[in-house]
Amino acid sequence: MIDDITEQVQAARERVYGQIEDARARHTALREAINEVRGLTATVRSPRGEVSVTAAMSGAVTDVRVLHDDLDARTLSALLTQTVAAAQQAVREQAADRMMEVAGADSSIIADLRTPLAREGGL
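Just so it is clear, the structure is predicted and the values come from calculations on it, not from any experiment. (Residues numbered from 1 in each chain as written. Predicted model: local features only at pLDDT ≥ 70, side-chain atom pairs only at ≥ 80, totals over all residues. Heavy atoms only, no water.)

Caption draft 1: Local environment of the overall build of the protein chain. Helix and strand counts for the protein chain stand at 3 helices and 3 strands. Order of helices (α) and strands (β) in the protein chain, N terminus to C terminus: α-β-β-β-α-α. A globule of 123 residues ought to have a C-alpha radius of gyration of about 14 Å, yet the protein chain, at 23 Å, is considerably larger. With the C-alpha coordinates of the protein chain rotated into their principal frame, the extents come out at 90 × 25 × 20 Å. Taken over 123 residues, the protein chain has a buried fraction of 24%. Relative to all contacts within the protein chain whose residues are 6 or more apart in sequence, the contacts with residues 24 or more apart total 48%. (Helix = DSSP H or I, 4+ residues; strand = E, 2+ residues; numbered from the N terminus. Rg over C-alpha atoms; globule rule 2.2 N^0.38 Å. Buried < 20%, exposed > 50% of the residue type's maximum accessible area, 1.4 Å probe, protein only. Contact = heavy atoms within 4.5 Å.)

Structure (structure tokens):
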């Protein structure tokens, strides 16, 4: 009887140690993914290619290029606003794809990243 209890305790310890190692491995993978995601950028062009915007995961716009010189101010403003929003969402989609690999598709962080950012004025 004591041998049976000793074996059960040992088996339980091994399961716990295995769970701890699995958790450590998931933690390491998650840290690596977070570090990768922090460095992501996305570049998006307007539908007809008049402007190009690069956004970082932080939301910062790191590059704006106007590729057409005959745009009026109102058109340029609208194109830039829309393209900035698209670039920011594109980098969030990249982050969601990467984080899904380690956090799983049903993780709330994935849903948050895939939800478009709220914009004033309906963008």
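Caption draft 2: Main features of helix 2 (residues 73-103). Between its terminal C-alpha atoms helix 2 stretches 44 Å, which fits the 45 Å expected from 31 residues at 1.5 Å a residue. For helix 2, the capping residue at the N-terminal end is Asp72, with a side-chain oxygen 3.1 Å from the backbone nitrogen of Arg74. (Expected span 1.5 Å × (residues − 1). Polar contact = N/O pair within 3.5 Å; in protein donor to acceptor, adjacent residues only side chain to side chain.)

Caption draft 3: Region of the structure containing the side chain of Ser46. Within the secondary structure layout, Ser46 lies in the loop between strand 1 (41-45) and strand 2 (51-56). Those residues within four positions of Ser46 in sequence are excluded, and the remaining contacts are Val51, Leu79 and Thr83.

Caption draft 4: Examining the nonpolar core more closely. Ranked by size, the top nonpolar core spans 10 residues in total: Ala33, Val37, Ala42, Met57, Val91, Ala95, Ala96, Met99, Ile110 and Leu113. At the level of secondary structure, the elements contributing two or more residues to this core comprise helix 1 (2-38), helix 2 and helix 3 (108-114). Top contributing element to this core by residue count: helix 2, with 4 residues. Once residues within four sequence positions are removed from consideration, Ala95 is found in contact with Val37, Leu40, Met57 and Leu113. (Core = buried A, V, L, I, M, F, W, Y, C linked by side-chain atoms within 4.5 Å.)

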